[in-house]
Amino acid sequence: MRWYLATGEEIYDVPGIRHVHSNGTLQIYGFLPSSFSNLINDNTYYCTAENPSGKIRSQDLHIKA
């Protein structure tokens, strides 16, 4: 499973802020107001899953903190 921004850019871990677990779970950590980032805390994400039978894309997930 892979996670992307609405732009199609694959996301990456940001230590202490955003993490994609090995099971595919996307975790957005709590943060102080001074650490707010539009890129992470006010954005649209989606994920894809792929196996030999094909590939599927999730619905958009909008995160707004």
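As shown above, the structure is provided for reference.
These remarks concern the structure in this document. Just so you know, these numbers come straight off a predicted model, no measurement behind them.

## Describing the overall build of the protein chain
A count of helical and extended segments in the protein chain gives one helix and six strands. Ordered by position in the sequence, the α and β elements of the protein chain form the string β-β-β-α-β-β-β. Reported as C-alpha extents along the three principal axes, the dimensions of the protein chain are approximately 45 × 20 × 15 Å. Counting across all 65 residues of the protein chain, residues that qualify as buried make up 25%. Counting contacts in the protein chain only where the partners sit at least 6 residues apart, residues at least 24 apart contribute 29% of the total. As presented, the protein chain carries roughly 4,600 Å² of accessible surface, and 53% of it is formed by carbon and sulfur atoms. For the protein chain, the separation between the mean place of its 5 positive charges and that of its 6 negative charges on side chains is 2 Å.

## Focus on the nonpolar core
Among the nonpolar cores identified, the biggest contains eight residues, and these are W3, L5, I11, V14, L26, I40, Y45 and C47. Among the secondary structure elements, those contributing two or more residues to this core are β1 (2-5) and β4 (42-51). Filtering out sequence-adjacent residues up to four positions away, W3 remains in contact with E9, E10, I11, V20, G24, T25, L26, Y45, Y46, C47 and L61.

## Some details on the pairing of strand β5 (residues 54-57)
Side-chain direction in a regular strand flips from residue to residue, so the side chains alternate between the two faces of the sheet. Inspection of the sheet shows β4 paired to β5 by four bridges, in the antiparallel sense. Across the sheet, the residue bridging to A49 is I56, located in β5.

## Regarding the pattern of salt bridges
One pass over the structure, following the stated rule, counts three salt bridges. In this structure, E10 engages R2 in a salt bridge whose closest nitrogen and oxygen atoms are separated by 3.0 Å. You can call R2 partly exposed: its relative accessible area is 45%. With its nearest N and O atoms 3.1 Å apart, the salt bridge here joins D60 to R57. The exposure class of R57 is partly exposed, given its relative accessible area of 44%.

Reading the values: rules and limits
Each chain carries its own residue numbering, running from 1 in the written order of its sequence. A pLDDT threshold of at least 70 governs which residues receive local features in this predicted model, and a stricter bar of 80 or more applies before side-chain atom pairs are shown or counted, although totals over entire chains, interfaces and linings include all residues. Each side-chain value is derived from all of the structure's non-hydrogen atoms; neither hydrogens nor water enter the calculation. The way it works is that DSSP assigns letters per residue, a run of H or I at least four long becomes a helix, a run of E at least two long becomes a strand, and they are numbered from the N terminus. Throughout this description, buried means an accessible area under 20% of the type-specific maximum (1.4 Å probe, protein chains only), exposed means over 50%, and partly exposed covers the range between. The contact criterion used is simple: two residues touch if any of their non-hydrogen atoms lie within 4.5 Å. Per-residue and other accessible areas were derived by the Shrake-Rupley procedure at a 1.4 Å probe size, with only the shown protein chains allowed to occlude residues. Only four residue types enter the tally: Lys and Arg on the positive side, Asp and Glu on the negative side; His and the chain ends are excluded. In this description, the location of a charge corresponds to atom NZ of lysine, CZ of arginine, CG of aspartate or CD of glutamate. Throughout, nonpolar core names a set of buried Ala, Val, Leu, Ile, Met, Phe, Trp, Tyr and Cys residues whose side chains join them through atoms within 4.5 Å. Two strands qualify as a pair provided that DSSP identifies no fewer than 2 bridges between them. Only one rule defines a salt bridge in this text: a Lys or Arg side-chain nitrogen within 4 Å of an Asp or Glu carboxyl oxygen.

Everything listed here is a matter of geometry and, on its own, says nothing about what the molecule does.
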